[in-house]
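Architecture and fold: a report
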Amino acid sequence: MSNSPDSDCIRALEDVNPTVFAKALASRGVFLDVGAITLHAQSNSDLLALQLQSVYAAFPFVDRTDWAEVHVQISRSTGLRRWIKPQVILRCDGQQPFEPFPADAPLPLFEWGCNWMIGQRLNDLLLLHAGAVERDGLALVLPATPGSGKSTLTAALSMRGWRLLSDEFGAFDPDSGTFRALLKPVALKNQSIEVIRDFAPHARFGPEFPKTRKGTVAHMAAQADAVARRHEDARPGAFVLPKWVAGSPTRWEPLAESMLFGALAFNAFNYSVLGATGFRAVVSLVRQCPGWQLVYSDLDDALATIDAAWSEVRRHHQEPSR
Amino acid sequence: MARYARSEGILIEAMGHLWAAFCPATGETTLLNTESVSILEVLEAGAADEATICDLLAEDCGVDAATIAAQIEGCWPSLIEVGLVREVRAARTMPG
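Computed from a predicted model, the values in this text were never measured in an experiment.

About the thresholds
Residues numbered from 1 in each chain as written. Chains lettered and ligands numbered in written order. Predicted model: local features only at pLDDT ≥ 70, side-chain atom pairs only at ≥ 80, totals over all residues. Heavy atoms only, no water. Helix = DSSP H or I, 4+ residues; strand = E, 2+ residues; numbered from the N terminus. Rg over C-alpha atoms; globule rule 2.2 N^0.38 Å. Buried < 20%, exposed > 50% of the residue type's maximum accessible area, 1.4 Å probe, protein only. Contact = heavy atoms within 4.5 Å. Lys, Arg positive; Asp, Glu negative; His and termini not counted. Charge placed at Lys NZ, Arg CZ, Asp CG, Glu CD. Buried area = accessible area lost by both parts, 1.4 Å probe. Salt bridge = Lys/Arg side-chain N within 4 Å of Asp/Glu carboxyl O. 1 Å grid on protein atoms, 1.4 Å probe; cavity = no way out; pocket = protein on both sides within 12 Å on 5 of 7 lines; lining within 4 Å. Points joined across faces, edges and corners; volume = space filled by probe spheres on them. Nonpolar A, V, L, I, M, F, W, Y, C, P; charged D, E, K, R; others polar. Patch = residues over 30% accessible without salt bridge, like charges linked within 9 Å, V, L, I, M, F, W, Y side chains within 5 Å. Areas by Shrake-Rupley, 256 points an atom, 1.4 Å probe, with all protein chains shown as cover. Pairing = 2+ DSSP bridges. Axes fitted to C-alpha atoms, helices over the stretch in contact; angles between N-to-C directions. pLDDT = per-residue confidence, 0-100.

A closer look at the overall build of chain A
- Scanning chain A for helices and strands turns up 11 helices and 16 strands.
- The globule rule puts the C-alpha radius of gyration for 322 residues at 20 Å, and the 20 Å found for chain A is close to it.
- Over its C-alpha atoms, taken along the principal directions, chain A stretches across nearly 60 × 45 × 35 Å.
- Per-residue burial for chain A yields a buried fraction of 57% across its 322 residues.
- Long-range pairs, those at least 24 residues apart, make up 71% of the contacts in chain A with a sequence separation of at least 6.
- Both charge centroids of chain A, one from 32 positive and one from 34 negative side chains, sit 5 Å from each other.

So, the interface of chain B and chain A
- Taken together, the contact pairs 12 residues of chain B with 12 residues of chain A.
- Taken over both partners, the interface formed by chain B and chain A buries close to 1100 Å², and the fraction arising from carbon and sulfur atoms is 74%.
- For the interface between chain B and chain A, the tally reads 1 salt bridge.
- One salt bridge connects Glu-13 of chain B with Arg-287 of chain A, and the closest N-O pair in it is separated by 3.1 Å.

Here we look at the layout of surface pockets
Residues and elements named next belong to chain A.
- Roughly 760 Å³ of volume is contained in the largest pocket.
- Around the largest pocket, the lining is made up of 29 residues, and of these Pro-146, Gly-147, Ser-151, Lys-189 and Lys-214 lie nearest the centre.
- Mapped by element, the contributors of at least two residues to the lining of the largest pocket are helix H4 (106-121), helix H5 (150-158), strand E11 (186-189) and helix H6 (191-199).
- Here the residues of the lining of the largest pocket sort into 11 nonpolar, 13 polar and 5 charged.

Details of a negative patch on the surface
All names here are of chain B.
- Together, Glu-41, Glu-44, Asp-55, Glu-59 and Asp-60 make up a negatively charged patch on the protein surface.
- Tallying contributions element by element places helix H2 (residues 50-61) first for the negative patch, with 3 residues.
- Along the chain, the position of Glu-44 falls in the loop between helix H1 (34-43) and strand E5 (48-49).
- The exposure class of Glu-44 is exposed, given its relative accessible area of 57%.

Focus on the sheet that holds strand E13 (residues 215-220) of chain A
Residue and element names in this part refer to chain A.
- The strand order across the open sheet formed by 3 strands is E11-E13-E12, and the pairing between neighbours is antiparallel. If you trace the sheet from one side to the other, it starts and ends with E11 and strand E12 (205-212), each paired once. Ignoring which end each strand starts from, the neighbouring axes of this sheet average 25 degrees apart.
- As judged from the 4 bridges shared by E11 and E13, these two strands associate in the antiparallel manner. Paired with Ala-187 across the two strands is His-219, which belongs to E13.
- Together, E12 and E13 form the strand contacts of H4, whose direction differs from that of E13 by roughly 75 degrees.
- On the sheet, H5 packs against E11 and E13 and is oriented at approximately 125 degrees with respect to E11.

Examining the pattern of salt bridges
All names here are of chain A.
- On inspection of all chains with the given rule, the structure shows 19 salt bridges over all chains.
- With a closest N to O distance of 1.7 Å, Asp-93 and Arg-121 form a salt bridge. Of the two residues, Asp-93 sits in the loop between strand E4 (87-91) and strand E5 (101-102) while Arg-121 sits in helix H4, which places them 28 residues apart along the sequence.
- Here Asp-93 falls in the partly exposed class, since its relative accessible area comes to 41%.

Remarks on the confidence of the model for chain B
- Confidence along chain B averages 92 in pLDDT terms, with 93% of residues attaining 70 or more.
- Of the two predicted TM-score estimates for the complex, the pTM is 0.92 and the ipTM is 0.89.

Now the structure itself:
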C-alpha cells in the first residue's frame, strides 16, 4: 500500500516493515516532510533504510507526493570495489558534492548531503547556523560555530520540555516573521554523544559512526511531539550564543546589539545571497529579541540558567510597543 | 584632491554604539563606528572631497577641521572596501 501525505492513515516510519521500507526507498524513494520543506530520499542501501527508520522514527511514511524541495540519492558503489572496500555515493541534482563514504555509514552522508542542499536551496528563508527550539510559541535560537556545544545544548533542551525546531538551522521566514522547523535528527559528535546519553537515557539514537571527518557521530531522533508539530512556526524569542568550555562555571552575559547582529549576519548560510532582505531580517531580529552569551560546562546548570531567563524573555515579548 | 561619493541605496541601522550598513552594489555588510556614519551622512548631499567633509563635520561638532581629519582618517579604507563610498575622478578637460 502506498502512503501519500493525504492518506487517511499514515504510519510512522518505525511502524513500517523494514523490508517494505527498504523496497520503497530503493524504488521511487521516500519523502521526509521536515517542516519547512520535504526531502526526497532514494537509495539502494538497505542499511540506510534501517538507519532512516531509526532516526526518523516518528516521521510519517510517505512514498509518493507531488513535490519535494531537496532530492538526495545514495547509491552503493559498483564494480570490483564493492567487494574490497564498499562505499556509498551521494548524488543530488546530478552533482556529487562529497567524496564517497564507507558503505556502513550511509546516514552521515545522507544528513550532510541534505544539510548542504538545504543551505544551497532555501533562499526564501534566512538560514542562521544555529540550533533552534520553541517554548510558549517563541523560538530560542542558539547561533554558534562548530565545536561550541550548540548541538549538545539543543539536544538537551529538546529533552527537557523545549520543542526541537532544528539542530542546524535557525530558519527565519522574512515574510511571516517566524522561525520554521527544519526538523532532522540532532547530529552529536564525540564526547557529546555520551553526555546526552547520560543526560537523557530515554533519548533515541541511531548507530555511532566512528572515524568520520568530524570524529565519531551519532544522531538523536526528534521526539514524536516535535514531529507532530513540525508545521507550527515560532515567533522570534531570544538568542543565546553558547560556548562550551571544559571546567568553566556557567557565565550568562547580555550581548550588545552589534555583537548579536554580527553573530547572526556573519554566521548564516545564505545571508549574502539574500542581499537587502537578509540585512532587514537580521535587523528586525536584533530589534525584537534579547541576546545573551552563555559559557558553560555543566549542562544541568546551563539549562537552569536558560529556564530562569525565559520568564524575562516572555515578559519582553508581552510588553507593548516592542 | 580626490572626491568621494556615497553609493546608491545603502542601508544603515543603529546597533547599540555601532551601526550596521549594507551596500546593495557589492552585497557587503559591515559594522561601522559613528565617525564613518557621519561621513556617509555628509555624502548623502553629494560627492565631496575630504577637506570639505572635514569642514562640514567640524562646523557641526564645534571642533577644528584638523581634529576631525585625524578622527576620520582610519574610516576610509573600510568604507571604500565594502563599497559604501567610492572615489570620484574629476572629468578630464581637453587642453587648450
